[in-house]
Structures are given as C-alpha cells and as structure tokens.
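Notes for the structure review
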Amino acid sequence: VADYREPVAQEPLPPSPVYLHDSNIMDDQGWGEKRNNVTAAVDYKEQVAIMVKEYFNSADIHEAGRLLKDMKKPLYHYYLVKCLVKSAMDRSDREKEMAAQLLSQLCDVVLEPGQVSKGFVQLLESVQDQTLDVPETPEILTLFLVRASVDDILPHAFLKVCAGSLPDASARQIVKTAMEHLERDDVEDWILHVWGTTKGRTVEQAKALIHQLVRDYVAGGHIADVQAGLLQLALPFFHHEFVKRSVLVAVQQPEHAAALMELLKALTVSRHLSSSQVEKGLARVEETLEELFEPEEAEERLQALTAQARAHGFLELAQGLDEVDVARAKLAHPDKNEPHPHTPEEIAAFKEASEMIVREYFASGSMVEATTQLTDLLETGSGRA
C-alpha cells in the first residue's frame, strides 16, 4: 500500500486552452511559452487601458502612438481598437470624436488595417454584452462603423462581409444601418458634425485650407509641407477634395501639371492619400470638367491629364486604380503570358499568412473575422495579413 504522504507519480495535465484570438497562443509551442504569451496579452491590455485613459485626458495623438509602438505587440493591436471604442461609448461626444481621430491617425502608421478590422469584429460580436452596460451601444457603434468606413480604415468589403456572416441579429442590424448611412449624399459632412465639428472646422473652412495647401505647393512648397498639412487637417475622409483641387489646377495651369502629378504620386505612395479618396477625387474632376467646358474641350483636357499621369507614373491612379487594385485584378484574372507577378518569397509569405488565418479560425470560431482577414490578404496580394 502506498504511503499517503508520498506523492504518486502522474502525467501532468496541460492547462485549459485560452482563446485570445491570437495565432501565437494556439500553435505548436510548449505550454510554458503559451503561458508567457497569455501573461504578455494581459499586460498589454492593462497598458492599453491606462494609455486610453491618459489619451482622453491629454488628447495627445502623437504620445498615444509612441506609447503603442513602445509596447511592441502589433498582434494584439486589435484590443486597442476594442478598448478605445468601448471606453468612448459611455463618455461624452468629445471623447467619441477623439477616439475616431486616434484610429484614423494611427491606421497604416502604427495599426495594421487587419488589426483594425479585427477590433471592430470583436466589438460587433460582443454587442449584446456591451448593451447591458451602455444601452445606446447599437447607435454609437453604428456611428463608429460609418466613421471608420468614411476614414478608409476599414476595407470596402468589411460591412458587406459582416452583414452576411455575423450570427447575431442585433449585430447584423447595426451593420445594415451603417451601410444605409453610407448611402447618404451628405455622409461626409454629417459624420463630421455628428459628435461636433472636428477642430471647429466647417466643410467650407476645410476646403479653404486644402486650396491653400495646393497654392502654397505650386508657389514653391515641398511635399513634406503638404504631408504635414494633411495630417494637421485631420480629415482623411475629405482628402478627395485635395485630389480634385490638385488635378484641376494641373488642368487649368499646365505649367504646374508635372509638379502636381509628382505630388499626388508621392502622397499616394506614402499613404497620406488612400486609393478610395484618390478615385473619388478623380471622378469629381471629370464631373467638374464637364461642367466647366464644352464636351470636346473637356475630353481634350482629360486626355492631356492622362498623358501627364502616364509620364509621371500616375496613370493607374488616374484610372482609379492603385497598386492594391492592380494586384487584386491580377489575382482575379492572371495573364498566362505574363511572368508571375509574385516572387517565391511573396508566395511563401502568402501561404504562411493563410495558414495563420486558418489556425486563428479554429481557435476562435469567428467566421466573420476569418473572412475579413482573408479579404484583406487578397486585396494586398502579399503575405501581410
């Protein structure tokens, strides 16, 4: 008979799985390393909560971005989105507008677009629980979705995917309401004022500032000055007006066309201008030319603009396409006579990212999140998820 005071040798039981929606947790690592990852995730959440509270007190976007970078946890950034929006929900309109501005400013600079999408998916999936704490959650989250869509920090297909995939009816209704708002003709002006005018500016004042940016650049300014001006304006959903104004000046003052084409190209490469804002701005240029000139002259000027765009490597944007659109078109309709558009390294990275998405799906069970991540991956045409 075994002495009760002596331990009986047993196989140690592994701890219960912890689903934190992160591929580094649920993989083939040892359980000790998994526990370290869990601890890191908990620490990150605590740091983010403190950072969000400090941001609402200071309104310092630059400091918030620096703190987030210093945390060096890009795979957990989706939690910042979730924490920021949830924290703003039971605060005043001032904090809601601050939250929207922070997400807009940090996206593509500190926050990966895929992490922003992931954060909003989790907000939608937890909407019933959040509504118990803040009854106005559906209305507020709808506005955040509209603002994020207008600010181009959510993929174009995001709302459509969510509307067809979310299991919860109340979450699907939030998405559908957001899509209806986006059909409004005045959606940009409306969303600008819904929580108070951004930095006290009206649309007309924003237009005046944009026109001044173009005038200053043509008069001998630098690309860096324009980049700083657009960031200070803090109205990314209004950047189509900058594109429109720049192109119209190029059409009406051909001597400045080359410099302006180089400017637009540089701003697009640096991501200060999004592809959708470029496309929207160019569409409005065509409409304006048709209003200002006779059809034949409008066509001639448009052709001259296209020639300038081709000469300066801006043709894809002049046609409403950026590098993402070109990659997506090639993925959908590859030309067998062309060399393969991706290197072996890019293909390997794409496969690795796809496998990571599948692992996350098996860990979280979130079809919406997996579909959104796959959409992002296909749109980039690279291994960056």
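Residues numbered from 1 in each chain as written. Predicted model: local features only at pLDDT ≥ 70, side-chain atom pairs only at ≥ 80, totals over all residues. Heavy atoms only, no water.

Here we come to the overall build of the protein chain. Check the secondary structure of the protein chain and you find 20 helices and zero strands. By sequence separation, contacts in the protein chain at least 24 residues apart represent 73% of the contacts at least 6 residues apart. When the accessible surface of the protein chain is summed, it comes to about 20,400 Å², and 53% of that surface belongs to carbon and sulfur atoms. (Helix = DSSP H or I, 4+ residues; strand = E, 2+ residues; numbered from the N terminus. Contact = heavy atoms within 4.5 Å. Areas by Shrake-Rupley, 256 points an atom, 1.4 Å probe, with all protein chains shown as cover.)

Now for helix α12 (residues 223-233). Taken together, the buried positions of α12 are occupied by Val226, Gln227, Gly229, Leu230 and Leu233. What you see down the axis of α12 is that its buried residues fit within an arc of 160°, all on one side. Once α12 finishes, alanine 234 follows within two positions and takes phi at roughly 55°, a positive value. (Buried < 20%, exposed > 50% of the residue type's maximum accessible area, 1.4 Å probe, protein only. Arc of directions from axis to C-beta.)

What follows is about the packing of aromatic side chains. Applying the stated criterion to the full structure yields three aromatic pairs. Between tyrosine 55 and phenylalanine 56, the aromatic rings sit 5.9 Å apart at their centres with planes inclined by 40°, giving tilted as the arrangement. No difference in accessibility class separates tyrosine 55 from phenylalanine 56, as the two residues are buried. Pairing phenylalanine 144 with tryptophan 195 gives two aromatic rings, centres 4.7 Å apart and planes at 45°, and the pair type is tilted. Taken together, the residues phenylalanine 144 in helix α7 (residues 137-150) and tryptophan 195 in the loop between α10 (187-193) and α11 (203-218) connect sequence positions 51 residues apart. Grouping residues by exposure puts phenylalanine 144 and tryptophan 195 together as buried. Directly above the aromatic system of tryptophan 190 lies the positively charged group of arginine 184, at a separation of 4.4 Å from the ring centroid. (Phe/Tyr/Trp six-rings, centres within 6.5 Å; stacked < 30°, edge-to-face > 60°. Lys NZ or Arg CZ within 6 Å of the ring centre and 35° of its normal.)

Right, let's talk about the pattern of salt bridges for a bit. Evaluation of the coordinates by the stated rule reveals seven salt bridges. Note that arginine 184 and aspartate 186 form a salt bridge whose closest N and O atoms lie 3.1 Å from each other. What you see here is one network of salt bridges that share partners, running through Glu63, Arg66 and Asp70. (Salt bridge = Lys/Arg side-chain N within 4 Å of Asp/Glu carboxyl O.)

One can find histidine 156 in the loop between α7 and α8 (158-165). You can call histidine 156 exposed: its relative accessible area is 59%. Sequence separation between histidine 156 and serine 276 is 120 residues, and the spatial gap between their C-alpha atoms is 8.9 Å.

Packing of helix α3 (residues 77-89) against helix α4 (residues 93-106) brings their axes to within 8 Å, and their N-to-C directions diverge by 165°. Of the possible angle classes, the one that applies to α3 and α4 is roughly antiparallel. Along this stretch, α3 crosses α4, giving a crossing that reads as left-handed. For the pair α3 and α4, the contacting residues are Leu80, Val81, Leu84, Val85, Ala88 and Met89 in the first and Glu95, Lys96, Ala99, Leu102, Leu103 and Leu106 in the second. Here the contact of α3 with α4 is composed, by residue class, of 10 nonpolar, no polar and two charged. (Axes fitted to C-alpha atoms, helices over the stretch in contact; angles between N-to-C directions. Parallel < 35°, antiparallel > 145°, perpendicular 65-115°, else oblique. Left-handed = near helix turned anticlockwise from the far one by under 90°. Nonpolar A, V, L, I, M, F, W, Y, C, P; charged D, E, K, R; others polar.)

In contact at an axis separation of 11 Å, α4 and α7 are set at 35° when each is read in the N-to-C sense. At the point where α4 passes α7, the crossing takes the right-handed sense. Of the residues in α7, those touching α4 at Lys96, Glu97, Ala99, Ala100 and Gln101 are Ile140, Phe144 and Arg147. The class makeup of the residues in the contact of α4 with α7 is four nonpolar, one polar and three charged.

With 93 residues, the main nonpolar core has Phe120, Leu124, Leu145 and Phe242 as its most contacted residues. Ranked by the residues each element gives to this core, the list is headed by α3, at nine residues. With near-sequence residues (within four places) excluded, phenylalanine 120 lies in contact with Val81, Val85, Leu103, Leu141, Phe144, Leu145, Ala148, Leu154 and Phe158. (Core = buried A, V, L, I, M, F, W, Y, C linked by side-chain atoms within 4.5 Å.)

Time to look at unusual backbone geometry. The phi torsion of most residues other than glycine is negative, and most of the peptide bonds are trans. Non-glycine residue alanine 59 carries a positive phi angle of around 60°. The backbone of lysine 72 shows a phi angle near 55°, a positive value even though the residue is not glycine. Here lysine 72 shows up in the loop between α2 (61-71) and α3.

A cluster of acidic side chains, namely Glu286, Glu287, Glu290, Glu291, Glu294, Glu296, Glu299 and Glu300, defines a negative patch on the protein surface. If one sorts the elements of the negative patch by residue count, helix α15 (residues 275-292) sits on top with four residues. Tracing the sequence through the fold places glutamate 290 in helix α15. (Patch = residues over 30% accessible without salt bridge, like charges linked within 9 Å, V, L, I, M, F, W, Y side chains within 5 Å. Lys, Arg positive; Asp, Glu negative; His and termini not counted. Charge placed at Lys NZ, Arg CZ, Asp CG, Glu CD.)

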